[in-house]
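Close look at the chain arrangement
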Amino acid sequence: MSTQPYILILYYSRQGATRAMAERLAAGVESVRGIEARLRTVPPVSPTCEAVDPEIPAEGAIYADLDDLRHCAGLALGSPTRFGNMAAPLKYFIDTTSELWLGGALVDRPATAFTSTSSLHGGQETTLISMLLPLLHHGMVYAGLPYSEVELMETQAGGTPYGASHVAGKRSDLPLDDHERRLAFAQGKRLARLALALERHEEDT
Ligand SMILES: Cc1cc2nc3c(=O)[nH]c(=O)nc-3n(C[C@H](O)[C@H](O)[C@H](O)COP(=O)(O)O)c2cc1C
């Protein structure tokens, strides 16, 4: 495995919209020299306690483990909006990270969040804030999107200062529009640059 620093893009996606965003953030990360994107997902959770999923998902990214998180230079967390909140499978994974929290493994690493909704006012900001909370508990440095990204003012769909977002429509089948695409790319790029800057700073102190 490569020894390059990497940004962990950790997402859950049922119908593919959040996954499309994750891939755009990854392109933004990969546009920065000296760092790479690592895409990982989490398994669905089931009300049946003993239900188990195959170890390798049928499609898309493989499942994350704690080491993916422990060694990342930065983290982008992506979830569909579920009743104005992050989806349970992602929260379930986060709830397994106490060991990292106890050891301060993620302190001072940069992080960001992204989401997809069906409806325009369906809770993108509240979802992004729900995702920010555990990241702050981990001591991570949260980076949203600055208004120097002009699409933030122009968008008629997704895109917030709290993080990139996408309005996927009733069936979650609308593709990312140009503004959403550019903002997701910019977010990945920004996170990658911040991660490298923070790593350099750590080496100097
Ligand atoms: C249980 C559940 C709750 C949802 N809650 C919301 C919501 O609060 N607001 C909204 O706009 N869309 C809501 N949706 C729709 C999803 O957020 C939307 O389809 C999203 O794009 C799915 O992302 P995915 O394609 O990555 O799975 C909900 C979907 C489900 C299944």
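Here is a short report on the structure shown in this document. (Residues numbered from 1 in each chain as written. Predicted model: local features only at pLDDT ≥ 70, side-chain atom pairs only at ≥ 80, totals over all residues.)

So, about the overall build of the protein. In terms of regular secondary structure, the protein is built from seven helices and seven strands. For 205 residues, the compact-globule formula gives about 17 Å, and the C-alpha radius of gyration of the protein, at 16 Å, lands near that figure. Its C-alpha atoms give the protein principal-axis dimensions of about 50 × 50 × 30 Å. Restricting to contacts in the protein with at least 6 residues of sequence separation, those with at least 24 account for 74%. (Helix = DSSP H or I, 4+ residues; strand = E, 2+ residues; numbered from the N terminus. Rg over C-alpha atoms; globule rule 2.2 N^0.38 Å. Contact = placed C-beta atoms within 7 Å.)

Time to look at the site of the ligand. Around the ligand, 20 residues are found, and the nearest of them are Gln15, Thr18, Pro80, Thr117 and Gly122. Contributing elements (two or more residues each) for the shell around the ligand: helix 1 (17–30) and strand 5 (110–117). Top element by residues in the shell around the ligand is helix 1. It accounts for three residues. For the shell around the ligand, the per-class residue count stands at four nonpolar, 13 polar and three charged. (Near = placed C-beta within 6 Å. Nonpolar A, V, L, I, M, F, W, Y, C, P; charged D, E, K, R; others polar.)

Another point: the packing of helix 1 against helix 7 (residues 178–204). The relative placement of two packed helices comes down to the angle between their axes together with the axis-to-axis distance. One can describe the packing of helix 1 onto helix 7 by two numbers: an axis separation of 6 Å at closest approach and a directional angle of 50°. On the basis of the axis angle, helix 1 is oblique to helix 7. When the axes of helix 1 and helix 7 are compared, the crossing they make is right-handed. In this structure, helix 1 contributes Met21, Arg24, Leu25, Ala26, Ala27, Gly28 and Val29 to the contact, and helix 7 contributes Arg181, Ala184, Phe185, Ala186, Gln187, Gly188, Lys189, Leu191 and Ala192. Tallied by class, the residues present in the contact of helix 1 with helix 7 amount to ten nonpolar, three polar and three charged. (Axes fitted to C-alpha atoms, helices over the stretch in contact; angles between N-to-C directions. Parallel < 35°, antiparallel > 145°, perpendicular 65-115°, else oblique. Left-handed = near helix turned anticlockwise from the far one by under 90°.)

Here strand 4 (residues 74–80) lies mainly inside the structure; seven of its seven residues are buried. Taking every second residue as pointing to the same face, both faces of strand 4 are buried, with Gly74, Ala76, Gly78 and Pro80 on one and Leu75, Leu77 and Ser79 on the other. Here strand 1 (residues 6–11) runs beside strand 4; their pairing, made up of five bridges, is parallel. Bridge pairing in strand 4 links Ile9 to Ala76. Where strand 4 lies against strand 5, six bridges are found, and the strand directions are parallel. Residue Leu77 lies in a different strand from strand 5, and its bridge partner there is Ala113. (Buried ≥ 20, exposed ≤ 12 C-beta atoms within 10 Å, placed from the backbone. Pairing = 2+ DSSP bridges.)

Mapping Gly103 onto the fold places it in the loop between helix 4 (98–102) and strand 5. Exposure remark for Gly103: the 10 C-beta atoms within 10 Å place this residue in the exposed category. With 35 residues separating them in the primary sequence, Gly103 and His138 have C-alpha atoms 9.7 Å apart.

Moving on, we come to the environment of Pro146. Checked against the element boundaries, Pro146 lands in the loop between strand 6 (141–142) and helix 6 (151–154). The sequence separation of Pro146 and Arg190 amounts to 44 residues, and the corresponding C-alpha distance is 9.8 Å.

Let's shift gears to the nonpolar core. In terms of nonpolar packing, the biggest core is built from 52 residues, with Ile7, Ile9, Leu25, Leu75 and Leu77 touching the most fellow members. Elements supplying a minimum of two residues to this core: strand 1, helix 1, strand 2 (36–41), strand 4, helix 3 (88–94), strand 5, helix 5 (124–137) and helix 7. Broken down by element, this core gets its largest block of residues, eight residues, from helix 7. Here Leu75 is in contact with Leu8, Leu10, Leu69, Arg109, Ala111 and Met140, once residues within four sequence places are set aside. (Core = buried A, V, L, I, M, F, W, Y, C linked by C-beta atoms within 7 Å.)

Another aspect to go through is the pairing of strand 2. Strand direction decides the pairing type here: strand 1 and strand 2, joined by six bridges, are parallel. Within strand 2, the position partnered with Ile7 by the bridge is Ala37. As a crossover connection, the stretch from strand 1 through helix 1 into strand 2 is right-handed. Bridge count between strand 2 and strand 3 (residues 62–63): two bridges; the pairing is parallel. Across the sheet, the residue bridging to Arg40 is Ile62, located in strand 3. (Right-handed = clockwise from strand over helix to strand, strands pointing away.)

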